[in-house]
Each structure stands twice: as C-alpha cells, then as structure tokens.
Amino acid sequence: MKGLIIVILIVPALLFAGEDKGVIYLNRANMQFKNKQYSKALLNYQKALEFPVNKALVYYNMANLYYLIEKPWKSIVYYKRVIDMAPSFINSYLNLAKLLFKINEYHGSIPILRDALRVEDDNEECLLLLGSCHMKLGSVPDAVYYFERAKGLHPHKIASYFMLAEAYIDILDYDNAVIIMEEAADVAKDSVSVYSYLGELYYIQEDYDKAINTFEYIVELEKGERNAYYRLAESYLKNKQKFLAMDTLQRAIDNCPDYFDAYIFLGNIYFEQSFFSEAGEIFLKASRIDYNKAKVYLKNIAVVFYNLRDDEKLKELYFKALKINPSLAAVIRKFVAL
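Here is a short report on the structure shown in this document. From a predicted model like this one, the values you see are computed outputs, not experimental measurements.

**Focus: the pattern of salt bridges**
Argument step 1. As enumerated under the stated definition, the model contains 13 salt bridges in all.
Argument step 2. Of the charged contacts, one joins Lys-151 and Glu-183 as a salt bridge, the two residues approaching to 3.0 Å between their closest N and O atoms. Taken together, the residues Lys-151 in helix H8 (residues 140-153) and Glu-183 in helix H10 (residues 174-187) connect sequence positions 32 residues apart.
Argument step 3. The salt bridge involving Lys-320 is made with Glu-281; its shortest N-O contact spans 2.4 Å. Placement of Lys-320 in helix H18 (residues 311-324) and of Glu-281 in helix H16 (residues 276-287) is noted, with a sequence separation of 39 residues between them.
Argument step 4. The exposure class assigned to Glu-281 is partly exposed, which follows from its relative accessible area of 33%.
Argument step 5. Taken together, the salt bridges that share partners define one network made up of Glu-148, Lys-151 and Glu-183.

Next comes the structure, spelled out in structure tokens:
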C-alpha cells in the first residue's frame, strides 16, 4: 500500500481583495509546512481560517500535517471535513482510508473507499486498498473481487497481480497464484521481482524444471541478482543435477565476488561429496569475506583431515588460514602437530 498523498495544496492567485490576509497566512503556512516547521504552520493555518479562504484546502493541509506529527485522530477529523466540503476530491478519501488502515480500523476504511469509488470508479489504489482491508478481515473472496477488478481495469500495472497471488496463496490455492503470476510475467517481461515470485511458486509446487527456467531467466536479466543464483542452485539440487548446481554457484561467485552464502553453499556440496580439499579452498575464500562466519566450516574440514590422519593437508590448511587471520588459524591449530 502506498503512503498518504502528502500534497500541499497552494492557492494559485488572489481571487478577492478580502482574501488578502487569509491567503498571506495560508501561503506562509504552506511554506513552513514544506520546511517542516510544523508548529508554526499549524498556527498560520488556524489564522487563515479566520478569513474567507478555501477552508477545504486548509483542512486538507492540516490533516496531512497532523498525520506527519503522529496525531492520527486529528487527521481523521480534518479529512472528514474536507470530504464534507469537497466531496469530489478523491485524495481526502484515500488518505483517510489509508490512515484508518494503518491503525487497524479496517471496518472503518471500507465504507470510505466505497464512497471514493463513487467519485472515481476506476481508481486502482482505491480498489487495491479495499482488497487489502478484506484480506485483513479474512474475507478472501471479497479481496479477490477487488484485486481482480483492479487488474482488469489496469492490466499493465503489476501491483494487483502480486496482491491477487497473495490472496490465492492465503487459501492455499497455488495453482491460481501461478496462473496470475504467469500473466504478470507476460505483462512485465523484464521484471526481476515478478519472475522471482513466479520462480518461488514453481519451487513450492516442486515443478523444478520451470523453477530452473525462471531463475535462469532472472540471472540473464540481472547477473548480480544473488538470490536468483541461490534459488537456481537449490532447484538444480532438487532436480538431481548437482554439477549444474555447482556451476551455478561458481557463476554467482564470478559475478558477485563477495557473495558469502554462495561460497558456503558450494563448499558444502564439495564437502558432502567428500571433496574435502576443494571444500577447504572454498571455505578459505569465504573466510576472506567473513572469517568469523567461516570458522565453523573450516573447523569441519580440519576435523576430517585429523580423522584421516592427513597431517600435510592439516598444516597446509592451518598456514593458509594464518595468512588470512590468526583468529581463523586458531580454530585449526589444536588439530595440527607443529
């Protein structure tokens, strides 16, 4: 959900001579508002109200200001006044509804949003917020209705697809969630966030071939997208393609040299295959990024070499660790006969 629409409404010009003083106070208050001098701004808004100025405009600015200084109940009062005085101004409905949503007054937000739709029946933000209120109240079918309506009216905007997919996931309908996100992928072909979400859904459904294709597409789009490499490697492992998982993690390291988790993931695969020297080299590289986190993995390698009575590899591991950090080497030292 987007934040409140904080727009300081400005008087464009003096309309009547009698408004001079009121407009002066109002414009002074607006400038103070912009400069975050909130107390001074409030005083000048109150003074402006003593003159024949546009009171709806003043009340709207005051409502926004009270929101910023965390006095929501006063904001609510002033937004309601604006609605009464300027019923066609949709921002006041939206801000009031968002404020009620923020303080968990979902039942109060819904009628405000329905009134807003009478003003602007295709307002995407209004429809999405209505759906979100129903989600919070546990009424998923109503939420789906409003999210679907937003998607139908604004098919090229992505927010409704995410919210609709979340609604289906809430009732464990992953098939429909996948369909919705596949539609989103057709709309936003270069959106990493859309494809990441879709890839996760495929993974949850254990459709690892589609997950692999999706995560591969993401790393084509954005070579620095770390999570995509990680999830791609996991998908290859689930698909019993261990060497492709290892290749993926190496690609991740090549493109993101400080990606600690990729080193650890790759090192653990080597370790599980009993390639202990290779695992040790990977963990040593990881220790250059964060030696404290890497200690436990290097200790595991040291224990293996110790149990294998491989003193040469133990010594080699120890001296390499010593070059990186004495604290790191100390973890291995107790296993080494020097």
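Having seen it, we continue.
**Some points on the packing of aromatic side chains**
Argument step 1. One pass over the structure, following the stated rule, counts 17 aromatic pairs.
Argument step 2. Members of the aromatic cluster, joined through ring pairs, are Tyr-59, Tyr-66 and Tyr-78.
Argument step 3. Taking the ring centre of Tyr-59 as reference, the NZ or CZ of Arg-81 above it sits at 5.3 Å.
Argument step 4. Geometry around Phe-260 places Lys-293 over its ring, the cationic atom sitting 5.9 Å from the centre.

**Regarding helix H12 (residues 208-221)**
Argument step 1. Compared with an ideal rise of 1.5 Å per residue, which puts 14 residues at 20 Å, H12 spans 20 Å between its outermost C-alpha atoms and is within 8% of the ideal.
Argument step 2. Three or more residues of H12 are buried, namely Tyr-208, Ala-211, Ile-212, Thr-214, Phe-215, Glu-216, Ile-218 and Val-219.
Argument step 3. Looking at the packing, one finds that the buried side of H12 touches helix H11 (192-204), helix H13 (226-238) and helix H14 (242-255).

**Comments concerning the environment of Ala-56**
Argument step 1. Within the secondary structure, Ala-56 sits in helix H3 (residues 55-68).
Argument step 2. Sequence separation between Ala-56 and Ala-86 is 30 residues, and the spatial gap between their C-alpha atoms is 6.5 Å.
Argument step 3. Among all residues touching Ala-56, those that are not within four sequence positions of it are Val-82, Met-85 and Ala-86.

Parameters at a glance
- Residues numbered from 1 in each chain as written.
- Predicted model: local features only at pLDDT ≥ 70, side-chain atom pairs only at ≥ 80, totals over all residues.
- Heavy atoms only, no water.
- Salt bridge = Lys/Arg side-chain N within 4 Å of Asp/Glu carboxyl O.
- Helix = DSSP H or I, 4+ residues; strand = E, 2+ residues; numbered from the N terminus.
- Buried < 20%, exposed > 50% of the residue type's maximum accessible area, 1.4 Å probe, protein only.
- Phe/Tyr/Trp six-rings, centres within 6.5 Å; stacked < 30°, edge-to-face > 60°.
- Lys NZ or Arg CZ within 6 Å of the ring centre and 35° of its normal.
- Expected span 1.5 Å × (residues − 1).
- Contact = heavy atoms within 4.5 Å.

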